[in-house]
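Residue-level structural notes
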Amino acid sequence: MITFWFAILVLAWVLYFVLEGFDFGVGMLTPVLGRDEHERGAVIRTVGPFWDGNEVWLVAAIGVTFAAFPDWYAALLSGLYLPMVLILLLLAIRGVALEFRGKHSSSSWRRRCDALLALSSGGIVLLWGAVLGIFVHGLALGADGEVTGVGVSRSLDPLLTPAAGLGALGALLAAILLGATFLALRTTGPVRRRARDLARHAGIGGAVALLIIGIGTGSRVALLAAVLCFGAGVLARRAREAAAFVAVAAGVAASVVAVFLVHGDVVLRSTLSAAWSLTRDGAAAGPEALRLITVAGVIVLPGVLAYQIWSYWVFRRRVSSERVAS
């Protein structure tokens, strides 16, 4: 049961970072690829039917962590409460920018909403990337399972590590590539051409950076991601947008899985002592609790998956970014 729920947890995080990854990428690229209000509106319409449904997987991932691995949940939230609060605030700002952009006819209002969307999306990506880097590096867990430190510095110090910085930069590159390949796949006209060019250059440039990191650190995941980035860039150049998007999504999924499996059975490494690290068995809830949430999960999760697949199928057509003459 512990292994089953750990697998569900990793799946929820993979779906969240892949699906919300292209949402965040589109948000960051809205003022870059949309040269006027009409084109920016077309960019935002590509994620309009999906973005709030994609966020369900964040709720699922956090809910599963709370129910199936309560000690892990407690350690993460106590050690990273400040970045988590910032992420939630930025998610709220992003949601307001998306929902209220079309509530006023003023062009200046829409430009401000687009700027808030881009800034909040970029901030969320950087923070989530830093958090994933912290997962790899670990936290200062004591023998009692609590994160040591005092006040705000307890949450800020982990963000200042090299692992957090690399995670933030990697997440930024991944979101830009996901957003560019998604827009190339979902639009027509000038936005599609610009997105395809950006995906080509970002894919090849990202592959070079990941290759250097992979060789320097000996990370096979970085080398695999470099290959997938280069492949995405080549596929985008050949106008094979669907294959390019799949290649980037596969790289993101593999990277997330690698983060959660990098320390084997240890779900949260202690930087103070290996003996104080949290393991899956040590952080898991009791057998009765796991059986109870299994009943709920079997009912709820397939329904969520079916609904999302159906919504993507219904809104599968491209969004036009060309102007239609009156």
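Each value, and the rule that gives it
- By convention here, each chain's residues receive numbers from 1 onward along its written sequence.
- Totals for whole chains, interfaces and linings use every residue, but because this is a predicted model, local features are given only for residues with pLDDT of at least 70 and side-chain atom pairs only at 80 or more, for both listing and counting.
- Each side-chain value is derived from all of the structure's non-hydrogen atoms; neither hydrogens nor water enter the calculation.
- Throughout this description, the term nonpolar core refers to a set of buried Ala, Val, Leu, Ile, Met, Phe, Trp, Tyr and Cys residues connected via side-chain atoms within 4.5 Å.
- Burial status follows relative accessibility: with a 1.4 Å probe on protein chains alone, a residue under 20% of its type maximum counts as buried, one over 50% as exposed, and anything between as partly exposed.
- Should any heavy atoms of two residues lie within 4.5 Å, those residues are counted as being in contact.
- Where helices and strands are cited, they refer to DSSP runs of H or I of at least four residues and of E of at least two residues respectively, numbered from the N terminus.
- A residue's pLDDT is the confidence the predictor assigns to it, expressed on a 0 to 100 scale.
- The convention used is that axes are lines fitted to C-alpha atoms, helices contributing only their stretch in contact, and that angles between N-to-C directions extend from 0 to 180 degrees.
- The cut-offs work like this: below 35 degrees is roughly parallel, past 145 is roughly antiparallel, 65 to 115 is roughly perpendicular, and the gaps in between are oblique.
- Rotating anticlockwise by less than a right angle from the far helix to the near helix defines a left-handed crossing, while the corresponding clockwise rotation defines a right-handed one.
- Counting of polar contacts relies on pairs of N or O atoms within 3.5 Å, with two restrictions inside protein: one atom must be capable of donating a hydrogen and the other of accepting it, and residues adjacent in sequence are counted only when both atoms are side-chain atoms.
- Between Lys or Arg on one side and Asp or Glu on the other, a salt bridge is scored when a side-chain nitrogen of the former is within 4 Å of a carboxyl oxygen of the latter.
- Between the rings of Phe, Tyr and Trp (Trp by its six-membered ring), a pair exists once the centres lie within 6.5 Å; its type follows the angle of the planes, with under 30 degrees stacked, over 60 edge-to-face, and the other angles tilted.
- Consider the ring centre and the ring normal. A charge sits over the ring if Lys NZ or Arg CZ is within 6 Å of that centre and within 35 degrees of that normal.
- Each residue gets one of three labels, nonpolar for Ala, Val, Leu, Ile, Met, Phe, Trp, Tyr, Cys and Pro, charged for Asp, Glu, Lys and Arg, and polar for the others, Gly among them.
- One less than the number of residues in a helix, times 1.5 Å, gives the span that helix is expected to have.
- As used here, the arc belongs to the directions running from the helix axis to the C-beta atoms.

A closer look at the nonpolar core
Ranked by internal contacts, the top residues of the largest apolar core, which has 87 residues, are Trp13, Tyr16, Phe69, Trp72 and Trp128. Those residues in contact with tryptophan 72, other than ones at most four positions away along the chain, are Phe6, Leu9, Thr65, Phe260, Val267, Leu268, Leu278 and Ala283. Counting residues in hydrophobic clusters, the runner-up holds five residues, among them Ile44, Trp51, Ala97 and Leu98.

Section: unusual backbone geometry
If you check the backbone angles, alanine 239 has positive phi at about 65° while not being a glycine. Relative to the helices and strands, alanine 239 is located in the loop between α11 (220-237) and α12 (241-261).

What to know about the confidence of the model for the protein
Residues of the protein with pLDDT of at least 70 account for 97%, and the chain-wide mean is 89. Element-level mean pLDDT values for the protein span from 70 in helix α8 (residues 153-156) up to 94 in helix α1 (residues 2-33).

Quick word on the packing of α1 against helix α14 (residues 287-314)
In contact at an axis separation of 12 Å, α1 and α14 are set at 25° when each is read in the N-to-C sense. Between α1 and α14, the crossing angle belongs to the class labelled roughly parallel. Our pair here, α1 against α14, has a crossing hand that is left-handed. Together, Ile2, Trp5, Ile8, Leu15, Leu19 and Phe22 of α1 and Leu290, Ile293, Thr294, Gly297, Leu301, Leu305, Gln308 and Tyr312 of α14 make up the contact between the two elements.

What to know about the environment of glutamate 241
Take glutamate 241: it is sitting in helix α12. With 55 residues separating them along the chain, glutamate 241 and arginine 186 place their C-alpha atoms 8.9 Å apart. Not counting residues within four places of it along the chain, the set of residues in contact with glutamate 241 comprises Thr181, Ala184, Leu185, Arg192, Arg196 and Arg318. Looking at glutamate 241, its side chain comes within polar contact range of the side chain of arginine 192, at 2.8 Å. A distance of 3.4 Å separates the side chain of glutamate 241 from the side chain of arginine 196, its partner in a polar contact.

Some words on the pattern of salt bridges
One pass over the full model with this rule turns up twelve salt bridges. We note a salt bridge from glutamate 55 to arginine 94, for which the minimum N-O separation is 3.1 Å. You can see glutamate 55 sitting in the loop between α3 (51-54) and α4 (56-68) and its partner arginine 94 sitting in helix α6 (residues 81-100), a full 39 residues away along the chain. Of the two residues examined, glutamate 55 and arginine 94, each falls in the buried class. The partner of arginine 200 in a salt bridge is aspartate 197, with the nearest N and O atoms 4.0 Å apart. Residue arginine 200 and its partner aspartate 197 are located together in helix α10 (residues 190-217), separated by three residues, close to a single helical turn.

Here we look at the packing of aromatic side chains
Here the structure, examined in full by the defined rule, presents 20 aromatic pairs. Ring geometry for tryptophan 13 and phenylalanine 17: centres 5.5 Å apart, planes at 20°, overall stacked. Of the two residues, tryptophan 13 and phenylalanine 17 both sit in helix α1, four residues apart, roughly one turn of that helix. Residues phenylalanine 182 and phenylalanine 245 carry aromatic rings whose centres are separated by 6.0 Å and whose planes lie at 55° to one another, so their mutual orientation is tilted. Here the residue phenylalanine 182 occupies a position in helix α9 (residues 162-186), and phenylalanine 245 occupies one in helix α12, the gap between them amounting to 63 residues. The exposure class assigned to phenylalanine 182 is buried, which follows from its relative accessible area of 4%. In this structure an aromatic cluster arises from ring pairing among Phe6, Trp13, Tyr16, Phe17, Phe69, Trp72, Trp128, Phe135 and Phe260. Here arginine 280 stacks its cationic end above the ring of phenylalanine 6, 4.0 Å away from the centre of that ring. The cationic tip of arginine 316 hangs over the ring face of tryptophan 313; the distance from NZ or CZ to the ring centre is 3.9 Å.

Some details on the packing of α9 against α10
Relative orientation of the contacting elements α9 and α10 amounts to 150°, with a least axis distance of 8 Å. Regarding the angle of α9 to α10, the classification is roughly antiparallel. Handedness of the crossing formed by α9 with α10: left-handed. Across from Leu166, Leu173, Ile176, Leu177, Ala180, Thr181, Leu183 and Ala184 in α9, the residues of α10 making contact are Arg192, Ala195, Arg196, Leu198, Ala199, Ala202, Gly203, Gly206, Leu210 and Ile213. Class assignment of the residues belonging to the contact of α9 with α10 gives a composition of 13 nonpolar, three polar and two charged.

Section: α6
It helps to recall that an α-helix has 3.6 residues per turn; residues three or four apart then point in one direction. Over its 20 residues, α6 extends 28 Å from the first C-alpha to the last, a length consistent with the 28 Å expected when each residue adds 1.5 Å. Within α6, burial applies to Pro83, Met84, Ile87, Leu90, Leu91, Arg94, Gly95, Ala97 and Leu98. Down the axis of α6, the sector holding all buried residues measures 160°, keeping them to one side. Exposed and oriented more than 90 degrees from the buried face of α6 are Leu88 and Leu89.

Structural notes on the side chain of serine 321
Of note, serine 321 is situated in the segment after β4 (319-320). Polar contacts involving the side chain of serine 321 include one to the main-chain amide nitrogen of valine 191, which spans 3.3 Å. Excluding residues that lie within four positions of it along the chain, serine 321 makes contacts with His38, Glu39, Ala42, Thr188, Gly189, Pro190 and Val191.

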